[in-house]
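This is what each chain is made of:
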Amino acid sequence: VFIVADGMGGHAAGEVASRMAVEIIGSWLQKTIEKQGKASGKDLVQAVKEANHQIFISGSENATLQGMGTTMVALFQADEQAYVASVGDSRVYQIRTNQISQITRDHSLVNEYVERGMLTQEAAEHHPLKHVISRALGTNTEVEVDLLEVLLQEGDRFLLCSDGLSNKLSPSEILTLLNQSNGDLEKACRQMIEAANQKGGEDNITLILAACKGDTL
Ligand code: CA
């Protein structure tokens, strides 16, 4: 399972929340596979909910961790399906036949305004409340998890990233950098980080690129 989690909360609490998310989701899926031989999208959602529960409990019980939370996007393969789960404003882009599309929804205040027709996409890009997220892992007792299913094709690529990248590079800029890297995923990652930093790079930048080779991510 590939996971990007962008933590938030004072002191080191955001770091704790994001690390917990990655560890709990990974081990929950591993245990599920050991028990039933495989895991599905439903199990991925269950894993995310378990992470939410544990982060919330830790945040409530430790004064120094109070209010901590994290965004989370996860990509997981079962048979020929890829499952994508998301909470918050980290994103997953799918790249197929030279087209890039954002397949997750941003759970942010500003995006909710856009979806309700109260704000244009252009105005949203530079909105002062752009960083305010409307859903996070660990901040409430319950969490709603978006789940997507993609039938994998050879050559599919997926980019999981924090808003530190997506606020700086447009989808077409990402696609251009990917094309210039000639299939070298590590090189593409490094170039994306460099390009985002050249545009200011004020926020932390976390990303994963995964490609489908044969029938495996
Ligand atoms: Ca961030």
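Everything below is about the structure printed above this text.
Residues numbered from 1 in each chain as written. Predicted model: local features only at pLDDT ≥ 70, side-chain atom pairs only at ≥ 80, totals over all residues. Heavy atoms only, no water.

Asker: Help me understand the coordination of the calcium ion in this model?
Answerer: Around a metal, the idealised angle for a tetrahedral arrangement of four donor atoms is 109.5 degrees; for an octahedral arrangement of six donor atoms it is 90 or 180 degrees. The coordination sphere of the calcium ion, as far as protein atoms go, consists of D6 (OD), D163 (OD) and D203 (OD), spread over 2.3 to 2.5 Å. Each donor residue of the calcium ion belongs to the same chain, with the gaps between them written as D-x156-D-x39-D. With D6 in the loop between β1 (2-4) and β2 (7-8) and D203 in the loop between α7 (185-198) and β10 (207-211), this residue pair connects regions lying 197 residues apart in the sequence. Taking relative accessible area as the criterion, D6 reaches 10% and is therefore assigned buried. Note on D203: relative accessible area 34%, which makes it partly exposed. (Donors = N, O, S within 2.8 Å, 3.2 Å for Na, K, Ca; no water. Helix = DSSP H or I, 4+ residues; strand = E, 2+ residues; numbered from the N terminus. Buried < 20%, exposed > 50% of the residue type's maximum accessible area, 1.4 Å probe, protein only.)

Asker: Whenever I open this one, the sheet that holds strand β5 (residues 81-87) confuses me. Can you help?
Answerer: Either a parallel or an antiparallel arrangement is found when strands of a sheet pair, and the pairing is made through backbone hydrogen bonds. On the basis of which strands lie adjacent, the open sheet formed by four strands has the order β1-β4-β5-β8 and antiparallel pairing. Two strands bound the open sheet, and with one partner strand each, they are β1 and β8 (146-151). Between one strand axis and the next, the sheet turns through 15° on average, direction left out of account. Of the strand pairs in this sheet, β5 and β8 are connected by six bridges, and their pairing is antiparallel. Across the sheet, the residue bridging to Y83 is E149, located in β8. The sheet strands contacting helix α2 (residues 41-61) are β4 (72-78), β5 and β8, and the helix crosses β5 at an angle near 25°. (Pairing = 2+ DSSP bridges. Axes fitted to C-alpha atoms, helices over the stretch in contact; angles between N-to-C directions. Contact = heavy atoms within 4.5 Å.)

Asker: Just checking my understanding: could you explain the pairing of β4 for this structure?
Answerer: Working note: regular strand, side chains alternate between the two faces of the sheet. For β4, the tally of buried residues reaches six of seven residues, placing the bulk of the element in the interior. Bridging between β1 and β4 involves three bridges; their strand directions are antiparallel. Each residue of the ladder has a partner; that of F2, found in β4, is L75. Here β4 runs beside β5; their pairing, made up of seven bridges, is antiparallel. Its bridge partner lying in β5, A78 is registered against Q81. The turn joining β4 and β5, which pair antiparallel and follow one another in sequence, is formed by two residues; a positive phi near 55° is taken by D79.

Asker: Any chance you could explain unusual backbone geometry here in plain terms?
Answerer: Peptide bonds are trans in most cases, and residues, glycine excluded, mostly fall at negative phi. With phi around 55°, D79 is a residue other than glycine that occupies positive phi space. Turning to its location among the elements, D79 is positioned in the loop between β4 and β5. At N98, a position not held by glycine, the phi torsion is positive, near 60°. Within the secondary structure layout, N98 lies in the loop between β6 (91-96) and β7 (99-102). What makes N98 partly exposed here is its relative accessible area of 47%.

Asker: Just to check I follow, could you spell out the sheet that holds β7 for this structure?
Answerer: Spatial strand order, β7-β6-β9-β10: four strands in an open sheet with antiparallel pairing. In this open sheet, the two edge strands, each paired with only one partner strand, are β7 and β10. Neighbour-to-neighbour, the strand axes of the sheet open up by a mean angle of 20°, direction not taken into account. Here helix α6 (residues 171-180) sits on the sheet in contact with β6, β7, β9 (157-161) and β10, set at roughly 55° to β6.

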